[in-house]
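Results of the structural survey
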Amino acid sequence: QVQLVESGGGLVQAGGSLRLSCAASGRTFSGSTMAWFRQAPGKERDFVAVVIWSGGNTYYADSVKGRFTISRDNAKNTVYLQMSSLKPEDTADYYCAADTTPRGIGTRPYEYEYWGQGTQVTVSS
């Protein structure tokens, strides 16, 4: 079992930055692939970024590439999403997800068994 708790969301002006954190509990964290997804009102949940267990491999959605950075600290059981140059279209609820039996770099929600409750990010123009 893995429990995930996100934090760090809030209201920010366009061009600003935010850092999201996802604290995980459970012995399988260090071996899990971790990802961030986001969901805007009335829209589907979209992939944002993913990092494999070692932190060495990452992959991003085209919409955030060059602006967002995903990282993890296995000693702290935490994964981060550093968001810079934020745009109004980044406004969404952001969710942390864990795949405890990874077979690759997953970008689809069904590939992840565990989810946090989400943290809201609002970017004003």
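Placed above this text is the structure.
Below or above, wherever it landed, is the structure these notes cover. Residue indices follow the written sequence of each chain, beginning from 1 at its first position. Reporting of local features is limited, given that this is a predicted model, to residues whose pLDDT is at least 70; pairs of side-chain atoms are given and counted only at 80 or more, and all residues count toward the totals for whole chains, interfaces and linings. To get the side-chain values, take all heavy atoms of the structure and skip hydrogens and water.

1. Focus: the overall build of the protein chain
The criterion, for reference: Working definition: helices are DSSP H or I runs of at least four residues, strands are E runs of at least two. Numbering for both runs from the N terminus. Here the term buried applies to any residue with accessible area under 20% of the maximum for its type, exposed to any over 50%, and partly exposed to those in between, with areas from a 1.4 Å probe on protein chains only. Every residue pair with non-hydrogen atoms within 4.5 Å of one another is taken to be in contact. Computed by Shrake-Rupley with a 1.4 Å probe, the accessible areas treat only the displayed protein chains as cover when residues are assessed.
The helix and strand tally for the protein chain stands at zero helices and 11 strands. Reading the protein chain from its N terminus to its C terminus gives the helix and strand order β-β-β-β-β-β-β-β-β-β-β. The principal-axis extent of the C-alpha atoms belonging to the protein chain is close to 40 × 25 × 25 Å. The buried share of the protein chain, taken over its 125 residues, is 42%. Residue pairs in contact within the protein chain that sit at least 24 positions apart in sequence constitute 59% of those at least 6 positions apart. Total accessible area computed for the protein chain in this model is approximately 6,500 Å², and 46% of it derives from carbon and sulfur atoms.

2. Observations regarding the state of the cysteines
So the rule is basically this: By definition, disulfides here are pairs of cysteine sulfur atoms that lie within 2.5 Å.
Following the criterion strictly, the structure yields one disulfide and no others. Each sulfur of the disulfide joining Cys22 and Cys96 lies 2.1 Å from the other. Every disulfide takes its handedness from the sign of the S-S torsion; for Cys22 and Cys96 that torsion is -80 degrees, giving left-handed. You can see Cys22 sitting in strand E3 (residues 18–25) and its partner Cys96 sitting in strand E9 (residues 92–99), a full 74 residues away along the chain.

3. A closer look at the sheet that holds strand E8 (residues 78–83)
For clarity, the threshold we go by: Strands pair, by our definition, only if DSSP identifies at least two bridges between them. Axes, fitted as lines to C-alpha atoms, cover a helix only where it is in contact. Angles between the N-to-C directions of the axes lie from 0 to 180 degrees.
In spatial order, the strands read E1-E3-E8-E7; together these four strands make up an open sheet with antiparallel pairing. Since the sheet does not close on itself, it has two edges, and those belong to strand E1 (3–7) and strand E7 (68–73), each with one partner. Across the sheet, the mean angle from the axis of one strand to that of its neighbour is 15 degrees, orientation sign disregarded. Pairing of E3 with E8, which is carried by six bridges, proceeds in the antiparallel orientation.

4. Describing the packing of aromatic side chains
Just so we agree on the cut-off: Any pair of Phe, Tyr and Trp rings, taking the six-membered ring for Trp, is counted once the centres come within 6.5 Å. Such a pair is stacked with planes under 30 degrees apart, edge-to-face with planes over 60 apart, and tilted for the rest.
Scanning the model with the defined rule gives five aromatic pairs in all. Seen in terms of ring centroids, Phe37 and Tyr112 are 5.5 Å apart; in terms of plane orientation they differ by 75 degrees. Their pairing is edge-to-face. In this pair, Phe37 sits in strand E4 (residues 33–39) while Tyr112 sits in the loop between E9 and strand E10 (114–115), placing the two residues 75 residues apart along the sequence. Residues Phe37 and Tyr112 agree in their burial class; the two are buried. Both rings, one in Phe37 and one in Trp115, keep their centres 5.1 Å apart while their planes meet at 55 degrees; by these two values the pair is tilted.

5. Here we look at the pattern of salt bridges
Condition: We define a salt bridge as a side-chain nitrogen of Lys or Arg found within 4 Å of a carboxyl oxygen belonging to Asp or Glu.
For the structure on display, the rule yields four salt bridges. Note that Asp90 and Arg38 form a salt bridge whose closest N and O atoms lie 2.9 Å from each other. Of this pair, Asp90 sits in the loop between E8 and E9 while Arg38 sits in strand E4, placing them 52 residues apart in sequence. For Arg38, a relative accessible area of 12% translates into the label buried. As a salt-bridge pair, Lys65 and Asp62 come within 3.1 Å of each other at their nearest N and O atoms.

6. As for unusual backbone geometry
Within the chain, Asn77 stands out as a residue other than glycine whose phi angle is a positive 55 degrees. Of note, Asn77 is situated in the loop between E7 and E8. Residue class for Asn77 comes out partly exposed when judged on its relative accessible area of 22%. At Ser85, a position not held by glycine, the phi torsion is positive, near 50 degrees. Tracing the chain through its elements places Ser85 in the loop between E8 and E9. Owing to a relative accessible area of 42%, Ser85 belongs among the partly exposed residues under this scheme.

Geometric values such as these leave the question of function open.
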